[in-house]
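Below, each chain spelled out in residue letters.
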Amino acid sequence: MLKKRNILHGMGIFDFRDPSKRKKKSDTVTIECNAKEIFLNNTLISFPTNYTVLKNLLGEASRIEPIKQTKNNVYLWDDLGIYCSTPDPEKMLMLLLVEDNRYGLGHQPLKNFTGDVIIDGKPMQESIQNVDTDRPYMIRSIIKEKKQVAIALGWNPGV
């Protein structure tokens, strides 16, 4: 009898721990920008990028939807609050980090972006004014009704 208990216990069929004390899986994204580079979750990324690179860093897109009357598709990572529109998955120019999906920005991820955007070692709110057009990427705050609703991050055609 004792042997059976050890085997059943070792199989871990039942989890009697308090559910509120279990570790939760967190899907968080951290974007760190310096004068020359962008790191997405500690991995160097550059724009234009492609779907394979984004899939390796963010996982499969939750949805890929066509945009009516265009050749573009929208790639949505619903749980991360990330959106990308492109006619060519081999040439993705920009990511949109949607912080408030109640505002009409076209196709919407189901959840808001809650990750971190760090520029030159400081939170974006403190440092975005230091980003000039000479960087190999562009990053912009999208404001609607005096509130930041999204962050655009991507290719800088001027460099």
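These numbers were taken from a predicted model, which means no experiment stands behind them. (Residues numbered from 1 in each chain as written. Predicted model: local features only at pLDDT ≥ 70, side-chain atom pairs only at ≥ 80, totals over all residues. Heavy atoms only, no water.)

A.B. asks: Quick question: what am I supposed to make of the pairing of strand 1 (residues 30-33) here?
C.D. replies: Taken residue by residue, a regular strand's side chains alternate between the two faces of the sheet. Side-chain alternation along strand 1 places Ile-31 and Cys-33 on a buried face and Thr-30 and Glu-32 on a face that remains uncovered. Relative to strand 8 (residues 116-119), strand 1 runs parallel, the two sharing four bridges. Paired with Thr-30 across the strands is Asp-116, a residue of strand 8. Here strand 1 folds back onto strand 2 (residues 38-40) in antiparallel fashion, the turn holding four residues. (Buried < 20%, exposed > 50% of the residue type's maximum accessible area, 1.4 Å probe, protein only. Helix = DSSP H or I, 4+ residues; strand = E, 2+ residues; numbered from the N terminus. Pairing = 2+ DSSP bridges.)

A.B. asks: I would appreciate a short explanation of the pattern of salt bridges in the present structure.
C.D. replies: A side chain with one charge can pair with a side chain of the opposite charge if their charged atoms come near. All chains considered together, the criterion is met by six salt bridges. Salt-bridge contacts for Lys-55 lead to Glu-60; the nearest nitrogen and oxygen are separated by 3.8 Å. By relative accessible area, which is 30% here, Lys-55 ends up partly exposed. Note on Glu-60: relative accessible area 53%, which makes it exposed. Among the ionic pairs, Asp-120 bridges to Arg-135, the shortest N-O distance being 2.6 Å. Here the residue Asp-120 occupies a position in the loop between strand 8 and strand 9 (122-123), and Arg-135 occupies one in the loop between helix 3 (124-127) and strand 10 (137-144), the gap between them amounting to 15 residues. (Salt bridge = Lys/Arg side-chain N within 4 Å of Asp/Glu carboxyl O.)

A.B. asks: Sorry if this is basic, but what is going on with helix 2 (residues 51-58) here?
C.D. replies: For an α-helix, 3.6 residues make a turn, and residues three or four places apart therefore share a direction. Of the residues making up helix 2, those classed as buried are Tyr-51, Leu-54 and Leu-58. The buried residues of helix 2 occupy one face: seen down the axis, they fall within an arc of 65°. Where helix 2 is buried, its residues touch strand 2, strand 3 (43-45), strand 4 (63-66), strand 5 (73-77), strand 6 (82-86) and strand 7 (94-98). In this structure Asn-50 caps helix 2, since a side-chain oxygen of it lies 3.0 Å from the backbone nitrogen of Thr-52. (Arc of directions from axis to C-beta. Contact = heavy atoms within 4.5 Å. Polar contact = N/O pair within 3.5 Å; in protein donor to acceptor, adjacent residues only side chain to side chain.)

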